[in-house]
Amino acid sequence: MISLHRQASPAYICLPLVIICVVITFNLLKQTLPDLSQGAFDFSVGLSGPEAKAMSTAVFQFSVLPRMTIALLVGAALGLAGVLMQQVLRNPIASPTTLGVASGAQLGLLLATLFAPGLLAFGSEWVALAGGAISLLIVLSLSWHRGLAPVAVVLAGLVVNLYIGALSTVLILFHQEEFRGLMIWAAGSLAQNSWSDTLHLLPRLIVAAVIAGLMARPLGLLELDESSASSLGISVRKLRLLALGLSVFITASAVSLVGIVGFVGLAAPVIVKLMGARTLAQRLLWAPVFGGLLLLTTDLFLLQYSAQLPSMVPTGAMTGLLGAPLLLWLIPRLSLKSTAQSTSKTTLQTARKPTSRMFLWLLALLTIASIVALFVTQSIGGWVFNGTGQWESIVTWRLPRVLAAAGAGVLLALAGTTIQRMTGNPMASPEVLGISSGTAIGLIVTIYFSTNVTAPLLILAGAMSAVITLAVLILLNRRTGFQSERLLLTGIAIAALFEPLRSIFLANGDPRIQQVIAWMSGSTYYVDFSTGLSALLLAALMVTLTPLVARWLDVLPLGRNVALGLGLSVDRVRLILLALVAILTAFATLIVGPLSFTGLLAPHVARMLGFSKALPHLVGSAIVGALLMISADWLGRQVLFPQEIPAGLVAALLGGAYFMWGLRRY
Amino acid sequence: MQTGSAGTWLAMVSAAKCQRFCFPAMLFFLDNLLLSVRHFGHPQARVGGLLLLPFFFLTFVSLNVDASVSSPSQSQNEAPRVAAIDWTLVETLMSLGIVPVAAAQIKDYQAWVVEPSLPEQVVDIGLRAQPNRELAASLNLDLILISPLYSAIEPTLSQIASVQTLTTYNPDNDFWQNLVETTRRVGELTNHSAEAEAVIEHHRTRIDQMKEKIATDTPPLLVVQFIDDRHVRAYGEGSLYDMVINRLGLQNAWKGETNMWGYTTVGIEELITQGYLVIVDPVPMSAEEIFNNNRLWQALPAVRHDRVLSLPAVWSFGALPSAVRFADELYQALTDQHATELGLNNL
């Protein structure tokens with residue numbers, strides 16, 4: 001971490017926030033309190049006299065004050081959780097949102113609302129706690145084999161976040177009307193109308209703060225390395241477990257009340273550290289204070305200007321939007337342990353010998369999958385296997401989808417293989433680079449601002465935003481020579497922008513939701529024959545071009561120095577490969593959406609099957625990618641017939657599950 | 001699914017046979033395939049897998065079954081076979097006495113639009129944003145009705161039948177006039193122009209009758225729907241409820257900003273009105289607690305003066321039938337309320 005020179009203190013940044021808060025509060029009260037017939041509540045039927053006074057007192061007492069209090073408390077809770085996580089994992093970018101705890105808690109509540117509402121009466125907080133704990137466990141087990149290295153943990157967190165995002169997208173797609181309320185809550189609205197939430201959170205926060213205070217000293221010793229800490233008589237494992245459990249508990253309590261509040265948990269500890277809170281005790285004190293003030297300030301700003309906005313912007317989503325630039329700013333200033341070298345060995349180890357026969361088997365499977373996808377379907381009468389008589393319906397409805405699915409699968413698989421070999425990181429994928437998210441952001445914005453959405457418009461918007469995202473990636477990483485860790489972190493920050501935008505859109509219950517979600521979740525639905533064919537042709541072209549980059553991808557995983565020694569101009573090669581990945585991803589995203597895990601998965605499967613050298617690896621994963629997407633598309637059309645689950649989502653659900661299960665072995 | 005001819009009956013029987021026969025065959029095949037992949041090295045398994053391949057294809061080709069079960073029979077007043085993606089258009093069709101052949105998300109329609117309810121023979125063609133085209137194509141449709149919301153799927157749907165895009169939400173026009181135009185247009189497209197005029201006239205007079213009977217000095221109304229225990233949707237200019245209120249000669253109390261569909265999401269502290277607070281069902285479970293012991297709620301002028309009206313669910317993006325149903329319910333509630341207020345005053 002960098003530190004600012006001189007005698008800095010977090011007080012210097014907290015004080016201005018306090019002043020801003022006081023000013024805005026005063027301003028708001030001036031509008032609300034004196035007379036309801038003026039200012040914000042000016043209706044044609046003004047209240048007068050004692051009634052107005054009673055109402056304004058009630059609004060102040062039961063809406064404004066609790067809202068301000070809950071903002072402080074939630075911010076403090078997240079700040080505290082963030083400090084604990086960062087300390088335990090020795091990871092400067094750990095936080096409830098980056099580790100997937102918040103979204104896990106949210107998914108738990110979504111599922112409970114839909115399938116077991118009885119659980120919620122028992123206590124929504126426990127449901128949230130279970131969800132958060134499970135997703136943290138998954139994140140940690142995914143990054144366990146890499147010694148919980150910061151980037152590995154955060155990457156695993158992102159993968160889990162994306163996966164949870166895919167799951168909740170399916171739920172929302174099919175229960176649009178029922179989820180009206182949940183969407184607002186999920187986006188982190190702080191609106192209050194009684195003190196009950198405050199009374200709920202306050203005791204929990206106090207208990208957590210006391211426990212954290214008691215743990216401050218032993219936890220501080222964790223900054224030394226583990227062996228010396230345990231030699232001081234601390235049961236390191238128990239201590240870590242306790243601290244992590246505590247942070248999950250606080251997060252879950254806050255999330256179950258007001259939904260996901262993005263990035264306060266990350267920003268608060270990091271900023272107070274930058275402002276000079278060196279010791280853990282100092283950070284435990286200042287991070288909650290700063291977190292609370294940060295959230296309150298954001299909320300007050302939104303309150304002040306909400307009257308001018310036709311749509312609601314929930315505070316939690318807003319802090320999420322602010323957090324992404326912060327992360328981008330932060331990344332170049334972090335000194336992260338590099339893990340690239342250690343990985344290249346593990347990733348290149350393979351269990352089985354690669355065989356050309358394996359190719360044949362894969363191709364046979366691919367053929368079978370295509371035939372099933374083309375000829376087998378459900379109809380109102382039940383399952384139908386139709387062959388020659390149905391050419392028209394097969395060619396019109398199924399062939400384009402199969403072509404497009406195959407094409408997108410190949411493109412994503414090639415992109416994924418390239419990026420994984422280039423960064424030497426098995427968790428890297430096009431999704432992780434943020435290009436898919438960037439494309440999706442462009443699509444959302446387009447749909448929001450245009451009344452008449454057409455396919456060419458969307459394609460244009462998607463392509464443009466992919467290019468912009470790529471430019472951002474290149475700009476931010478040019479000076480560091482496209483170093484893999486930073487590249488991935490930049491991608492995470494861009495992906496982090498996507499979530500809050502999506503939340504805001506969903507929270508407003510816009511009837512266009514279903515359209516947006518259908519597009520975002522990546523369906524081959526909109527593909528016509530020529531698009532499908534061109535996707536496949538592009539994919540085929542890319543596959544034939546792979547020999548050109550194969551040598552680079554064989555050499556790059558050996559490390560920068562070896563690559564330089566072999567006469568490779570590493571920076572230039574990385575730039576070319578990056579641009580290539582971006583193009584591949586953008587095309588694929590337009591067809592199957594930002595969330596399919598094909599780019600992550602196909603390279604893994606190919607490697608498990610024994611393709612370790614670059615060229616067979618590329619080709620093998622291309623076939624696996626096509627296979628995965630064709631099967632996903634077909635399954636999506638059949639599982640909930642006549643409703644269609646978008647192929648991208650099916651691939652994400654199948655692939656993600658397999659991935660999390662399979663990664664234990666790495 | 002109308003009267004089945006002998007041919008379609010045969011097709012159905014053979015489809016059933018095909019399932020019974022083909023499924024085990026496929027499973028057997030897949031099972032062997034998995035086995036042979038797993039025991040990759042075993043020559044026996046490989047031979048077995050390869051032997052099964054041609055068998056599999058043969059099953060396919062020999063059992064070629066016609067999928068379309070329904071025949072393009074003419075029914076109902078020479079109305080074309082029509083499907084509607086948008087619920088508002090489904091509602092309009094039903095009001096003209098036309099049962100659509102297919103509609104999207106029927107289960108949700110029954111839950112949210114409620115009236116007019118759809119008979120069972122209507123085929124569900126899946127999500128509104130992505131209706132199942134293959135299924136739709138097998139229904140021999142003549143016409144598909146969509147709203148501009150789903151214009152992205154217009155080109156692809158037009159491969160199945162002629163697609164008509166009908167606008168109900170158009171901020172430039174009078175909302176009532178929009179609904180009238182839509183109804184008229186649906187009538188034209190389905191050869192039901194006379195019925196359409198009758199329906200329009202009927203709804204117009206219903207509302208006019210109610211307007212005559214409603215006291216002109218009725219205080220303004222603030223129409224909301226609860227989203228959860230902290231948020232409500234307030235319906236302002238551009239919404240169906242607002243249109244009905246104005247049409248009845250009443251005043252809408254919500255003057256704040258609204259989105260393209262005429263509503264906005266706010267907290268309950270903003271529900272300040274001297275007039276009536278109208279709550280449209282459904283109220284989520286979590287919100288019901290508010291009515292009992294929330295101090296802020298109790299401080300609202302409408303609550304203090306017992307001027308809260310509760311209405312059953314009415315589709316807030318509906319067409320003429322929904323509009324009149326809302327007017328009906330509102331009128332009923334206002335009359336009841338008026339009676340109690342009078343009774344109180346007389347005491």
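Everything quoted here is computed from the prediction, not taken from an experiment.

Here we come to the overall build of chain A. Along chain A, the regular secondary structure elements total 26 helices and 2 strands. The burial tally for chain A puts 56% of its 666 residues in the buried class.

On to the overall build of chain B, then. Of regular secondary structure, chain B possesses 13 helices and 10 strands. When burial is assessed residue by residue, chain B has 44% of its 347 residues classed as buried. Sequence-distant contacts, at least 24 apart, represent 62% of the contacts inside chain B between residues at least 6 apart.

Now for the packing of helix α15 (residues 391-423) of chain A against helix α24 (residues 598-608) of chain A. Pairs of packed helices are described in terms of their axes, by the angle between the two and the distance that separates them. Residues and elements named next belong to chain A. One way to put it is that α15 packs onto α24 with a least axis distance of 7 Å and a crossing angle of 70 degrees. Considering the angle they form, α15 stands roughly perpendicular to α24. The segment α15 lies against α24, with Gly409, Leu412, Ala413, Ala415, Gly416, Thr417 and Gln420 engaging Thr598, Gly599, Leu600, Ala602 and Pro603. Looking at the contact of α15 with α24 residue by residue, the class counts come to 6 nonpolar, 6 polar and no charged.

With that settled, consider the nonpolar core. Residues and elements named next belong to chain A. Ala77, Leu411 and Met629 are the most contacted members of the largest nonpolar core, which totals 306 residues. Among the elements that line this core, the one with the most residues is helix α2 (residues 49-88), at 19 residues. Residues within four places of Met629 in sequence aside, it is in contact with Ala405, Ala406, Ala408, Gly409, Val592, Thr598, Ala647 and Ala651.

Another aspect to go through is the sheet that holds strand β6 (residues 221-226) of chain B. Residues and elements named next belong to chain B. The 5 strands are arranged β8-β7-β6-β9-β10 in an open sheet whose pairing can be described as mixed. Strands with a single pairing partner mark the edges of an open sheet, and in this sheet they are β8 (263-267) and β10 (308-311). In this sheet, neighbouring strand axes are inclined to one another by 30 degrees on average, regardless of whether the strands run parallel or antiparallel.

This brings us to the environment of Val113 of chain B. With respect to the helices and strands, Val113 of chain B occurs in the loop between α4 (106-112) and β3 (123-124). With 145 residues separating them along the chain, Val113 of chain B and Thr258 of chain B place their C-alpha atoms 22 Å apart.

This paragraph deals with the pairing of strand β4 (residues 143-146) of chain B. Of the strand pairs in this sheet, strand β1 (residues 82-84) of chain B and β4 of chain B are connected by 3 bridges, and their pairing is parallel. Considered in β4 of chain B, the bridge of Val82 of chain B is made with Leu143 of chain B.

Turning next to the domain arrangement of chain A. Residues and elements named next belong to chain A. Along its sequence, chain A is carved into domain 1 (66-303) and domain 2 (347-375 + 382-665). Placing a centre on the C-alpha atoms of domain 1 and another on those of domain 2 gives a separation of 31 Å. Contacts between the two partners involve 27 residues from domain 1 and, on the opposite side, 32 residues from domain 2. Elements with a contribution of two residues or more to the side of domain 1 that touches domain 2: α4 (117-143), α5 (150-174) and α6 (180-186). Looking at the side of domain 1 that touches domain 2, the element that brings in the most residues is α5, giving 17 residues. Considering only residue class, the side of domain 1 that touches domain 2 consists of 21 nonpolar, 5 polar and 1 charged.

Next up on the list: the sheet that holds β1 of chain B. Residues and elements named next belong to chain B. Ordered in space as β3-β2-β1-β4-β5, the 5 strands form an open sheet in which the pairing is parallel. Only two strands of the sheet have a single neighbouring strand rather than two, namely β3 and β5 (162-165). Contacting β1, β2 (102-103) and β4, helix α3 (residues 87-95) crosses the sheet at an angle of about 140 degrees to β1.

Let us look at the domain arrangement of chain B. Residue and element names in this part refer to chain B. Along its sequence, chain B is organised into domain 1 (6-62), domain 2 (82-209) and domain 3 (214-346). Taken together, the contacts link 22 residues of domain 2 with 18 residues of domain 3. When contributions to the side of domain 2 that touches domain 3 are tallied by element, the ones reaching two or more residues are α3, α7 (175-189) and α8 (193-213). Among the residues making up the side of domain 2 that touches domain 3, the classes are represented as 12 nonpolar, 7 polar and 3 charged.

The next subject is unusual backbone geometry. Note the cis peptide between Phe641 of chain A and Pro642 of chain A, where omega equals 5 degrees. Tracing the backbone shows Pro642 of chain A in the loop between α25 (614-638) and α26 (647-662). In this structure, Pro282 of chain B follows Asp281 of chain B across a cis peptide bond, with omega equal to 0 degrees. Along the chain, Pro282 of chain B turns up in the loop between β9 (276-280) and α10 (285-293). Positive phi values are uncommon outside glycine, yet Asn191 of chain B reaches one of about 55 degrees. Topologically, Asn191 of chain B is positioned in the loop between α7 and α8. What makes Asn191 of chain B partly exposed here is the crowd of 14 C-beta atoms within 10 Å.

For the rest of this paragraph, the subject is the pairing of strand β2 (residues 382-385) of chain A. All names here are of chain A. The pairing of strand β1 (residues 376-379) with β2 spans 4 bridges and is antiparallel. What sits directly across from Thr377, in β2, is Val384. The antiparallel pairing of β1 with β2 creates a hairpin that spans 2 residues between the two strands.

It is worth spelling out the packing of α4 of chain A against helix α9 (residues 236-258) of chain A at this point. Residues and elements named next belong to chain A. Interaxial distance between α4 and α9 falls to 8 Å at its minimum, and their mutual angle equals 130 degrees. What the angle tells us is that α4 and α9 run oblique. α9 is crossed by α4, and the crossing has right-handed handedness. Taken together, the residues of α9 that come into contact with α4 (itself represented by Ser124, Glu125, Ala128, Leu129, Gly132, Ala133 and Leu136) are Leu244, Val248, Phe249, Thr251, Ala252, Ser253, Val255 and Ser256. When grouped by side-chain class, the residues that make up the contact of α4 with α9 number 9 nonpolar, 5 polar and 1 charged.

Here we come to the confidence of the model for chain A. Residues and elements named next belong to chain A. Mean pLDDT for chain A: 80, with 86% of residues reaching 70 or above. The secondary-structure element of chain A with the lowest mean pLDDT is helix α13 (residues 340-348), recorded at 41, while α25 shows the highest, at 91. Long-range and interchain partners of residues 1-6, a stretch whose pLDDT sits below 50, account for 9 contacts in this model, where long-range means more than four residues apart. This model gives residues 338-351 a pLDDT under 50, and the stretch forms 25 contacts once residues within four places in sequence are excluded.

Residues and elements named next belong to chain A. Between the first and last C-alpha of helix α14 (residues 356-375) there are 29 Å, a value that for 20 residues agrees with the 28 Å anticipated at 1.5 Å per step. Where α14 is concerned, the buried positions are Leu362, Ala369, Ser370, Val372, Ala373 and Leu374. Buried residues in α14 make contact with β1, α15 and α25.

Along the polypeptide, Ala133 of chain A turns up in helix α4. Separated by 111 residues in the primary sequence, Ala133 of chain A and Leu244 of chain A place their C-alpha atoms 9.3 Å from one another.

Once that is clear, we can look at the environment of Val255 of chain A. If you trace the backbone, Val255 of chain A turns up in helix α9. Non-local contacts of Val255 of chain A, meaning those with residues more than four positions away in its chain, are made with Ala102, Ala105, Gln106, Ala128 and Ile260 of chain A.

All names here are of chain B. Scored by pLDDT, chain B has a mean of 77; 77% of the residues are at 70 or more. Throughout residues 1-76 the model reports pLDDT below 50, and contacts reaching past four residues in sequence, or to other chains, amount to 72 contacts. This complex was scored by the predictor with a pTM of 0.78 and an ipTM of 0.75.

Quick notes on the rules
- Residues numbered from 1 in each chain as written.
- Chains lettered and ligands numbered in written order.
- Predicted model: local features only at pLDDT ≥ 70, side-chain atom pairs only at ≥ 80, totals over all residues.
- Helix = DSSP H or I, 4+ residues; strand = E, 2+ residues; numbered from the N terminus.
- Buried ≥ 20, exposed ≤ 12 C-beta atoms within 10 Å, placed from the backbone.
- Contact = placed C-beta atoms within 7 Å.
- Axes fitted to C-alpha atoms, helices over the stretch in contact; angles between N-to-C directions.
- Parallel < 35°, antiparallel > 145°, perpendicular 65-115°, else oblique.
- Nonpolar A, V, L, I, M, F, W, Y, C, P; charged D, E, K, R; others polar.
- Core = buried A, V, L, I, M, F, W, Y, C linked by C-beta atoms within 7 Å.
- Pairing = 2+ DSSP bridges.
- Domains from an automatic or database assignment.
- Left-handed = near helix turned anticlockwise from the far one by under 90°.
- pLDDT = per-residue confidence, 0-100.
- Expected span 1.5 Å × (residues − 1).

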